Amino acid sequence: MENMTNNDVMLRLTQIHKRFGDLEILKGINLELKKGEVMAVIGPSGSGKSTLLRCINRLEEIDSGKIEIKGRVLAQNNGENVAEYVSEKESRNILSCTGMVFQQFNLFPHMTVMQNLLEAPVQVQKRKKEEVIPEAEALLKKVGLLEKKDWYPSRLSGGQQQRVAIARALCMKPDIMLFDEPTSALDPELTGEVLKTMRELADEHMTMMVVTHEMNFAREAASHVVFVEGGVIVEEGPARQVIDNPQEERTQAFLKNML
Ligand SMILES: Nc1ncnc2c1ncn2[C@@H]1O[C@H](COP(=O)(O)OP(=O)(O)O)[C@@H](O)[C@H]1O
Ligand SMILES: [Mg+2]
């Protein structure tokens, strides 16, 4: 049943190509992320998953293709099939609705947990500190770390640091959250608490794109799974369908290795 208007598409990638030197890393990626959808991106190491995420928020720039975020064009091809970006200012504006969480939590080490959360809303969004503090406290409570608000990151476990990183991203009030293997740097016993936080976000219908090796998470929390190998989408579909009953040989081989 096709009952979606264009407004429901939060992210659309069309024929994305990205090279590093002579190496073509992304070879024509097309995908669409709808409001409230949780997309898990899976695939072997080196297949271009991080590059794909980094292209979405312009940490890397694509060579050709089109990127649309909430219906606004970030980059698209000119007449020569070369991607051109909108101005820096417009780009920042368009990307302000995205939040990203990295494998390495990337907290500011010289700032307390609370200061980490306040930094971007106050410095970038120019919001009043007094106004952001209650929101930051609510987010820390949500990730179960309110009592750590005055701690420095180095005193926290990896799982706690990653939950702070998630709260920090949420403090910017994003409409789309991008996660790049958020649990890969964690000891196994700490991945659960981070996955739980992400699952709660998914349950609240946050639009999410999650690169992950956690197949259980992908199967249970994602609405949609995309399998990437060698810079192309080999297979995609409803999460359980792709993970429990993959159609492509390459997907089957990858999943077999993961179990
Ligand atoms: N900044 C870069 N410069 C050159 N090569 C890069 C750069 N970033 C990634 N690559 C290469 O692109 C390929 C895909 O990397 P990546 O997107 O990190 O894969 P994945 O996240 O799926 O493991 C790898 O071969 C990697 O070495
Ligand atoms: Mg990666």
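The following paragraphs examine the structure supplied in this document. (Residues numbered from 1 in each chain as written. Chains lettered and ligands numbered in written order. Predicted model: local features only at pLDDT ≥ 70, side-chain atom pairs only at ≥ 80, totals over all residues. Heavy atoms only, no water.)

### Brief notes about the pattern of salt bridges
Reasoning step 1: Scanning all chains against the criterion turns up 18 salt bridges.
Reasoning step 2: Where Glu32 meets Lys34, a salt bridge forms, and the shortest distance between an N and an O atom there is 3.6 Å.
Reasoning step 3: A salt bridge links Arg219 to Glu220, with the nearest nitrogen and oxygen atoms 3.7 Å apart.
Reasoning step 4: Classification of Glu220 by relative accessible area gives partly exposed; the value is 40%. (Salt bridge = Lys/Arg side-chain N within 4 Å of Asp/Glu carboxyl O. Buried < 20%, exposed > 50% of the residue type's maximum accessible area, 1.4 Å probe, protein only.)

### Description of the sheet that holds strand 4 (residues 64-69)
Reasoning step 1: Across the sheet, which stays open at both edges, the five strands sit in the order 2-1-4-5-6 with antiparallel pairing between neighbours. Looking at strand neighbours, the two that pair on one side only are strand 2 (23-34) and strand 6 (83-85), the edges of this open sheet. Pairwise comparison of adjacent strand axes, ignoring direction, gives a mean angle of 15° for this sheet.
Reasoning step 2: Of the pairings in the sheet, the one linking strand 4 to strand 5 (residues 72-77) comprises three bridges and is antiparallel in character. Bridge pairing links Ile69 to Arg72 in strand 5. (Pairing = 2+ DSSP bridges. Helix = DSSP H or I, 4+ residues; strand = E, 2+ residues; numbered from the N terminus. Axes fitted to C-alpha atoms, helices over the stretch in contact; angles between N-to-C directions.)

### Topic: the pairing of strand 1 (residues 9-20)
Reasoning step 1: Looking at chain direction, strand 1 and strand 2 are connected through nine bridges and run antiparallel. Within strand 2, the residue paired with Arg12 across the bridge is Glu32.
Reasoning step 2: Two elements, strand 1 and strand 4, share five bridges in a ladder whose sense is antiparallel. Counterpart to Arg12 in the pairing with strand 4 is Glu68.

By themselves, these observations are geometric and do not establish any function.
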